[in-house]
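Observations on the three-dimensional arrangement
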Amino acid sequence: MNMTVNGTSISTFDAVLLSVDYGYSTVTTYSDWLRGAHQPLFFEQTVQYTTAQYSILVEGDDLGDLEANCSNLYAAMQKSLVKVEGCDWGIDGWVTSADDERINHMARIVTVSFQGVKVADRETLSHTMAMGETWTFTAKGNQEVPCVITISPDMGYLEMDLTINGVSYPIKNIMSTDIAIVIDSEKGTITADGDNKIEDYEAWSFPVIKGGSNTLYIGSGTPTISIAYNGRWM
């Protein structure tokens, strides 16, 4: 199996992936069971890091070359995006531990434990809205993720009521069709042609989309909407 670290094949280090074992994300549940109650109170759950373990055969022309290859591979993986060919996601994270099994002075098996999040390649979805239309689109993954929404207005709006999965994100004072409104949930910003527009943003939070089916509604007008995101898995 081919494996890349930040886009570089591990064959650069005279290495080949033998196996990978993916774990699942840690889920923390906030709940309470009050005295005398017949069932618990459920508040929320948070999904955090996932894990992976990579078994990698590293070779070298001699002991010095082998040591250099192992060290360079470890340094490259230290904080990185690791992807395995044929898998829908990569792990964006960092090394938590590494061990090796010495075969001889020219080869060893390095086992690297990794922690991070399972993310897909960046994807951008675009759509020109029809009047009164609800746009239904499918996102990769199975978790909620932040996104970058770019709106190209078709007319002026005193208020545009952008609604995603039933949650409203109103934007006021869009007075031109020659600007791009960018709502960046990843950075927590909203701009109009690069200028700060947060004072015209009426929502209390930034939009997220979920893995699977999503709906987007504008209400009036026919703007063009694009959504850029990285899908995420447990």
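Residues numbered from 1 in each chain as written. Predicted model: local features only at pLDDT ≥ 70, side-chain atom pairs only at ≥ 80, totals over all residues. Heavy atoms only, no water.

1. Quick word on the overall build of the protein chain
From N to C terminus, the protein chain includes one helix and 18 strands. A compact globule built from 234 residues would reach a C-alpha radius of gyration of about 17 Å, whereas the protein chain, at 23 Å, exceeds it by more than 25%. Counting only C-alpha atoms, the protein chain reaches 70 × 60 × 30 Å along its principal axes. Looking at the protein chain as a whole, 38% of its 234 residues are labelled buried. Expressed as a percentage of contacts within the protein chain between residues at least 6 apart in sequence, the contacts between residues at least 24 apart total 67%. Accessible area of the protein chain: about 12,500 Å², with a carbon and sulfur share of 49%. Once the 13 positive and 30 negative side-chain charges of the protein chain are each reduced to a mean point, those two points are 5 Å apart. (Helix = DSSP H or I, 4+ residues; strand = E, 2+ residues; numbered from the N terminus. Rg over C-alpha atoms; globule rule 2.2 N^0.38 Å. Buried < 20%, exposed > 50% of the residue type's maximum accessible area, 1.4 Å probe, protein only. Contact = heavy atoms within 4.5 Å. Areas by Shrake-Rupley, 256 points an atom, 1.4 Å probe, with all protein chains shown as cover. Lys, Arg positive; Asp, Glu negative; His and termini not counted. Charge placed at Lys NZ, Arg CZ, Asp CG, Glu CD.)

2. So, the nonpolar core
By size, the foremost hydrophobic cluster in this structure holds 28 residues, and its most contacted members are I149, I151, I209, L216, I225 and I227. Contributing elements (two or more residues each) for this core: β10 (134-146), β11 (148-152), β12 (157-164), β13 (167-174), β14 (181-184), β15 (189-192), β17 (208-217) and β18 (224-233). For L216, the residues in contact, after removing those within four places along its chain, are M129, E133, T134, W135, F137, L162, T163, I164, I225 and I227. (Core = buried A, V, L, I, M, F, W, Y, C linked by side-chain atoms within 4.5 Å.)

3. Digging into helix α1 (residues 63-77)
Because an α-helix packs 3.6 residues into every turn, residues spaced three or four apart end up facing the same way. Along its 15 residues, α1 runs 21 Å from first to last C-alpha, staying within 8% of the 21 Å computed at 1.5 Å per residue. All of the buried residues in α1 are L66, N69, C70, L73 and M77. Burial along α1 is one-sided: seen end-on, the buried residues are contained in an arc of 95°. Where α1 is buried, its residues touch β1 (3-5), β3 (15-22), β6 (50-59), β7 (79-84), β8 (90-104) and β9 (107-128). In this structure D62 caps α1, since a side-chain oxygen of it lies 3.2 Å from the backbone nitrogen of G64. (Expected span 1.5 Å × (residues − 1). Arc of directions from axis to C-beta. Polar contact = N/O pair within 3.5 Å; in protein donor to acceptor, adjacent residues only side chain to side chain.)

4. Digging into a nonpolar patch on the surface
A cluster of nonpolar side chains, Y30, L34, L41 and F43, forms an exposed patch at the surface whose accessible area comes to about 400 Å². Assignment of secondary structure puts Y30 in strand β4 (residues 27-32). The partly exposed category is assigned to Y30, whose relative accessible area is 41%. (Patch = residues over 30% accessible without salt bridge, like charges linked within 9 Å, V, L, I, M, F, W, Y side chains within 5 Å. Salt bridge = Lys/Arg side-chain N within 4 Å of Asp/Glu carboxyl O.)

5. Notes on the side chain of S9
Position of S9 among the secondary structure elements: in strand β2 (residues 8-9). A distance of 3.1 Å separates polar atoms of two side chains, one belonging to S9 and the other to N2. A polar contact is formed between the side chain of S9 and the side chain of S11, at a distance of 2.9 Å. When near neighbours in sequence (up to four residues on either side) are disregarded, S9 contacts N2, M3 and T4.

6. Observations regarding the pairing of β15
Bridge analysis of β14 against β15 gives four bridges, and the strand direction is antiparallel. Across the sheet, residue V182 finds its bridge partner in β15, namely T191. Taken together, β14 and the strand that follows it, β15, pair antiparallel across an intervening segment of four residues, in which G188 is found at a positive phi of about 75°. Pairing of β15 with strand β16 (residues 195-196) involves two bridges; the strand directions are antiparallel. Paired with A192 across the two strands is D195, which belongs to β16. (Pairing = 2+ DSSP bridges.)

7. Some details on the environment of S152
Relative to the helices and strands, S152 is located in strand β11. Each C-alpha atom, one on S152 and one on I181, is 6.6 Å from the other, the two residues being 29 residues apart in sequence. Those residues in contact with S152 that lie beyond four places of it in its chain are I179, P223 and T224.

8. Section: the packing of aromatic side chains
Applying the stated criterion across every chain yields a total of six aromatic pairs. The interplanar angle of 25° and the centroid separation of 5.3 Å between the aromatic rings of Y201 and F206 together place this pair among those described as stacked. When its relative accessible area of 25% is taken as the criterion, F206 is described as partly exposed. Connected via pairs of aromatic rings, a cluster forms that spans Y22, W89 and W233. (Phe/Tyr/Trp six-rings, centres within 6.5 Å; stacked < 30°, edge-to-face > 60°.)

In short, the description is geometric, and any link to function would need to be established separately.
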